[in-house]
Amino acid sequence: MSKVEALQALRKSLPNWNDLAMKGEYPWVIPVDIICGCGNQILSEVVTDWIKTENNKVRNRPKNYHRI
């Protein structure tokens, strides 16, 4: 997957993740695991940058938040 494809996939998935979170209970957090394997650090960096810069709806989940 290229950087462009990764960004397209993230942007395409965001509305669904947002709707799911907003329909849930407080604190309106849903865990999403994005796995960037096979030694491709570039995709990991794309995801990290996307979380930090391009979006005000996405954050890293709190360290103490546990999946139910």
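Residues numbered from 1 in each chain as written. Predicted model: local features only at pLDDT ≥ 70, side-chain atom pairs only at ≥ 80, totals over all residues. Heavy atoms only, no water.

Caption draft 1: Representation of the overall build of the protein. Per the secondary structure count, the protein includes two helices and zero strands. With 68 residues in all, the protein has 16% of them scored as buried. Considering only contacts within the protein whose residues lie at least 6 apart along the sequence, 63% involve residues at least 24 apart. In the structure as shown, the protein presents an accessible area of about 5700 Å², 54% of it carried by carbon and sulfur atoms. (Helix = DSSP H or I, 4+ residues; strand = E, 2+ residues; numbered from the N terminus. Buried < 20%, exposed > 50% of the residue type's maximum accessible area, 1.4 Å probe, protein only. Contact = heavy atoms within 4.5 Å. Areas by Shrake-Rupley, 256 points an atom, 1.4 Å probe, with all protein chains shown as cover.)

Caption draft 2: Structural context of the nonpolar core. Among the nonpolar cores identified, the biggest contains six residues, and these are Leu10, Leu14, Val47, Trp50, Ile51 and Val58. Those elements that provide at least two residues to this core are helix 1 (3-23) and helix 2 (41-54). For this core, the element with the highest residue contribution is helix 2, accounting for three residues. (Core = buried A, V, L, I, M, F, W, Y, C linked by side-chain atoms within 4.5 Å.)

Caption draft 3: The arrangement of helix 1 in detail. For helix 1, spanning 21 residues, the distance from its first C-alpha to its last is 30 Å, which sits close to the expected 30 Å at 1.5 Å a residue. The sharpest bend along helix 1 comes to roughly 30 degrees, located at Leu14, with the proline Pro15 sitting one to four residues further on. Those residues of helix 1 that fall on the buried side of the exposure criterion are Ala6, Leu10, Leu14 and Ala21. (Expected span 1.5 Å × (residues − 1). Bend = angle between axes of the 7 residues up to and from the residue.)

Caption draft 4: A look at a nonpolar patch on the surface. Taken together, the side chains of Met22, Tyr26 and Trp28 present a nonpolar region at the surface, about 410 Å² in accessible area. With respect to the helices and strands, the residue Met22 is situated in helix 1. (Patch = residues over 30% accessible without salt bridge, like charges linked within 9 Å, V, L, I, M, F, W, Y side chains within 5 Å. Salt bridge = Lys/Arg side-chain N within 4 Å of Asp/Glu carboxyl O.)

Caption draft 5: A look at the environment of Val32. For Val32, the position within the fold is in the loop between helix 1 and helix 2. In the structure, Val32 is positioned 15 residues away from Trp17 in sequence and 8.2 Å away in space, judged by C-alpha atoms.

Caption draft 6: Region of interest: the environment of Ala21. Looking at the element boundaries, Ala21 is found in helix 1. With ten residues separating them along the chain, Ala21 and Pro31 place their C-alpha atoms 9.2 Å apart. Ignoring sequence-local partners within four residues, the contact set of Ala21 consists of Trp28 and Ile30.

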